[in-house]
Amino acid sequence: MRTAAGVGLDALRAAVAAGRNSLAQLPAEVRRGLPHTLGGRVPDLPAGPERGLLLAAGALEAALEGVSPEERARIPLLVGTGLGPQEPREAGLPASAQAFCEALASGAGLDVAGSLTYSVTCVSGLCAVERARSAIAGGAPAALVLGVETLSRTIQGGFCALEALSLSASPSDPSPQDGIVLGEAACALLLEPAVPGQAALLGQGLVADACHATSPDRSGQGMREAVELALTEAGLAVGDLGWIALTASGSPVYAATYAGALDSLWGGEAWRERVVDWEGSVGHLLAASGPVGLLYELERAREVPGLALTVGFGGLNGASVVGPARPGPSRTGEAAPGRRVRVHALATASEGAPDLEDAFPGRWDPRRRIPAEVAPLAEAARQALGSLGRWEPGRTLPELALVIAVDNHGERAAARFGSALERERPCSPAVFLNSLPSTPATTLSLLLGARGYQATLNAGPRGGAAALEEARWLVSQGVAPCVLAGALSVSPEGNQTLAALVVVEEADSDQGPRSIASALEVPSALEGLAVASFLEGLSQDR
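Scoring rules and cut-offs
- Residues numbered from 1 in each chain as written.
- Predicted model: local features only at pLDDT ≥ 70, side-chain atom pairs only at ≥ 80, totals over all residues.
- Heavy atoms only, no water.
- Axes fitted to C-alpha atoms, helices over the stretch in contact; angles between N-to-C directions.
- Helix = DSSP H or I, 4+ residues; strand = E, 2+ residues; numbered from the N terminus.
- Parallel < 35°, antiparallel > 145°, perpendicular 65-115°, else oblique.
- Left-handed = near helix turned anticlockwise from the far one by under 90°.
- Contact = heavy atoms within 4.5 Å.
- Nonpolar A, V, L, I, M, F, W, Y, C, P; charged D, E, K, R; others polar.
- Salt bridge = Lys/Arg side-chain N within 4 Å of Asp/Glu carboxyl O.
- Buried < 20%, exposed > 50% of the residue type's maximum accessible area, 1.4 Å probe, protein only.
- Expected span 1.5 Å × (residues − 1).

## Points about the packing of helix H14 (residues 375–387) against helix H17 (residues 439–448)
Thinking step 1. The N-to-C vectors of H14 and H17 enclose an angle of 45 degrees; their axes lie 10 Å apart at closest approach. As far as their axial angle goes, H17 and H14 are oblique. In this structure, H14 crosses over H17, and the sense of that crossing is right-handed. Here H14 contributes Leu377, Ala378, Ala381 and Leu385 to the contact with H17, which in turn contributes Pro440, Leu444, Leu447 and Leu448.
Thinking step 2. Split by residue class, the contact of H14 with H17 holds eight nonpolar, no polar and no charged.

## Observations concerning the pattern of salt bridges
Thinking step 1. Applying the stated criterion across every chain yields a total of 20 salt bridges.
Thinking step 2. Measuring nitrogen to oxygen at the nearest pair gives 3.6 Å for the salt bridge that ties arginine 462 to glutamate 102. Note that arginine 462 is positioned in the loop between strand E16 (454–457) and helix H18 (463–476) and glutamate 102 in helix H6 (residues 97–107), a separation of 360 residues in sequence.
Thinking step 3. The partly exposed category is assigned to arginine 462, whose relative accessible area is 27%.

## Some thoughts on helix H9 (residues 221–234)
Thinking step 1. Across its 14 residues, H9 extends 20 Å between first and last C-alpha, which sits within 8% of the 20 Å expected from 1.5 Å per residue.
Thinking step 2. Those residues of H9 not exposed but buried are Gly222, Met223, Ala226, Val227, Ala230, Leu231 and Ala234.
Thinking step 3. Contacts from the buried residues of H9 go to strand E9 (199–208), helix H10 (252–266), strand E12 (306–312) and strand E13 (316–324).
Thinking step 4. Remark: glycine 235 follows H9 within two positions and exhibits a positive phi of approximately 70 degrees.

Below is the structure:
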């Protein structure tokens, strides 16, 4: 682990114990022209395009210490990052999150072919953890999860545009209550089959609020449901938890969400005595916050179970229970007996229908256009669910989960946002949000009222096939009863878009396990992208 407090978990613990924070004025190349200039920057790393790779590589090597080259070759790397390091883009170089992942995997001697990137804002790391659990249950000896975010000008500028940063924070008051202060970090977790007597991930819940593009439900209902899912899997009750780690609690909105959820679970405020605050020392670590929250109390978790919570844009609520490992089937160890899975209702779309905005009354303001790159995904969802009689205007699908692979989404928005930053012009929060890889899935969740598990694979060409595989896993293990899975690809030139979706669910006893329509041809401009691997995966699975 590397944070603004230094190298390793002990450095962070020492900073927290001493009440010392590592927040400071950001370098001129990051803060220039921005209204918020405080952050937690990792020391002793050079500025420039290689900063993210150097930050992440150091964390990986620490986690892999003592692992032989032969063992490493069988371990996939699963990266959680909101945008991926933006320093190359800011230097005018290509910036691909999956290329970043594969370069790290190759450099560390890991299983490059099995390595993937998740971009689900601040819960990215927890989605990577869920994928790691499936990899281990599927036979991998271990899986390496990396939560990483660099505090680039793009990230700082985006949160300034969203007005999410604290106006009052200072190095002497690092824990304000009027907003957050950002930090950067890389945290690597080597997940292995659970061993009794060691600390283990006992349960995890990921639930969407589907109520706003960025904010959670302040009542905390979604977070409460995520905690209940994690506790149910762990076989524990709230009274069994000895500690609670929160992230981004300096945000008044997130603080209200946590309070609403935990007050209702504990029947009062007794939970506050269990809260562990480590973010005040290093800032909110975005996609790295989930893995850091899991690792921070790892020693105590060998004796006392606890809860790590985080919230992402779009009201994505993540809850993880960590405690002493127990024998028996789990999603980080021996897989539970699988359910029969049915994959059907393939639908594709290259654009949205003219009446698309009117098709989701109460879920979308018809006076606003659905973003052009997202519209094909919404249209494909309407067709896929409609073919099964499960969609009609105004209907919501709260149990529906989403697993969407994207590539090249948001490139034009990112270029516009970067241009405004460079010229020190006012930056649009909508443009920043449209540049995020997770925006298509978040928008689809809003339109459908889908509140189940949600993941965005930002994994380049292999993302489509990986999304299909993940959807099968979620259904077979009972994590989600029904998943809308697919891919949204934009051509490198930005002039062609194609979305493809299927419904993945448990098969009834009188159904065959799969029923898939014939795969369609992919336009030449989209060959080699996520949508192509998704359709190829369907054709191979017939």
